[in-house]
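Structural features, examined
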Amino acid sequence: MEKRISLVREDITKMSCDAIVNAANKTLLGGGGVDGAIHRVGGKAILKECMEIGGCEAGEAVITGGGKLQASYVIHTVGPIWRGGKNKESELLKNCYLNSLKLAVKNGVKTLAFSNISTGVYGFPKRKAAHIAISTVRDFLSTDNSIEKIIFVCFDEENYQIYKEILK
Ligand code: ADP
């Protein structure tokens, strides 16, 4: 495994790193899954900043403070909704990881935790999503020296096993 990549099975709201990446929706107003958990634990300050930002397109990313979370920042990225695979889903998911990484670097983030974007309610096939996530992060790290640690945070056992297998 690349020295700067690690894998955990955890609730991402418990991570004490510089930033965590939320699988948000276009409104940025909160939802279910990981998004709901982050807003619940992080408190109203995050939602207020999200409202000021006003929204985000699929594949893009925005940053807010971490509110009551241990993490200093939350990077909110909007994953694609899986519609069979011929609607730029893979390209958009790759952009989620890439734009989150760029935003992290821009804000001096050294340690960054990713959730498994789009693999919940948005229905992206988990194995395919994991390959995109891992290859995008690996490629990025090969040209970046500022990020010290990327942590893939899997919440469900299926994603955890898939990541473990691909990363070994
Ligand atoms: P999306 O709408 O992008 O699919 P979801 O939140 O429905 O977003 O699911 C994305 C992933 O987040 C899923 O793999 C799910 O297991 C995971 N997840 C749900 N709750 C948490 C949490 N508290 N911490 C980390 N990951 C979580």
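Not measured: the values here are computed from a predicted model. (Residues numbered from 1 in each chain as written. Predicted model: local features only at pLDDT ≥ 70, side-chain atom pairs only at ≥ 80, totals over all residues. Heavy atoms only, no water.)

Now for the site of the ligand. In the neighbourhood of the ligand, 16 residues make up the surrounding shell, with Val34, Thr119, Gly120, Val121 and Asp156 lying closest. One nitrogen or oxygen atom from the main chain of Val121 is found 2.9 Å from an oxygen atom belonging to the ligand. The separation between an oxygen atom of the ligand and a polar side-chain atom of Asp156 is 2.8 Å. Surface burial for the ligand is 91%, taken as the share of its 560 Å² of free accessible area covered by protein chains. Of the residues assigned to the shell around the ligand, the class counts are 7 nonpolar, 6 polar and 3 charged. (Near = heavy atom within 4 Å. Polar contact = N/O pair within 3.5 Å; in protein donor to acceptor, adjacent residues only side chain to side chain. Areas by Shrake-Rupley, 256 points an atom, 1.4 Å probe, with all protein chains shown as cover. Nonpolar A, V, L, I, M, F, W, Y, C, P; charged D, E, K, R; others polar.)

Time to look at the sheet that holds strand S4 (residues 73-78). Strand order in this open sheet of 6 strands is S1-S6-S5-S2-S4-S3, and the pairing throughout is mixed. Looking at which strands have only one partner, the edges of the open sheet turn out to be strand S1 (5-9) and strand S3 (61-65). Each strand axis lies, on average, 25 degrees off the axis of its neighbour in the sheet, ignoring direction. Where S3 and S4 come together, 5 bridges link them in antiparallel fashion. Across the sheet, Ala61 pairs through a bridge with Thr77, a residue of S4. Along the sheet face, helix H4 (residues 126-141) touches S1, strand S5 (111-114) and strand S6 (149-154) and points at about 175 degrees away from the line of S6. (Pairing = 2+ DSSP bridges. Helix = DSSP H or I, 4+ residues; strand = E, 2+ residues; numbered from the N terminus. Axes fitted to C-alpha atoms, helices over the stretch in contact; angles between N-to-C directions. Contact = heavy atoms within 4.5 Å.)

The next subject is helix H3 (residues 89-106). Over its 18 residues, H3 runs 26 Å from end to end, which matches the ideal 26 Å to within 8%, given 1.5 Å per residue. Restricting attention to buried positions, one finds in H3 the residues Glu89, Leu93, Cys96, Tyr97, Ser100, Leu101, Leu103 and Ala104. On an axial view of H3, the arc spanned by its buried residues comes to 165 degrees, and they lie on one face. In the stretch just after H3, Gly108 is the one whose phi turns positive, near 75 degrees. (Expected span 1.5 Å × (residues − 1). Buried < 20%, exposed > 50% of the residue type's maximum accessible area, 1.4 Å probe, protein only. Arc of directions from axis to C-beta.)

A separate point is the pattern of salt bridges. Enumeration over the complete set of coordinates arrives at 7 salt bridges. Notably, a salt bridge pairs Lys14 with Asp11, separated by 3.6 Å at the nearest N-O pair. In this structure, Asp156 and Lys126 form a salt bridge, with 3.1 Å as the shortest nitrogen-oxygen distance. Taken as a pair, Asp156 in the loop between S6 and helix H5 (157-167) and Lys126 in helix H4 lie far apart in primary sequence, 30 residues in all. On the basis of relative accessible area, Asp156 is assigned to the partly exposed category, the value being 25%. (Salt bridge = Lys/Arg side-chain N within 4 Å of Asp/Glu carboxyl O.)

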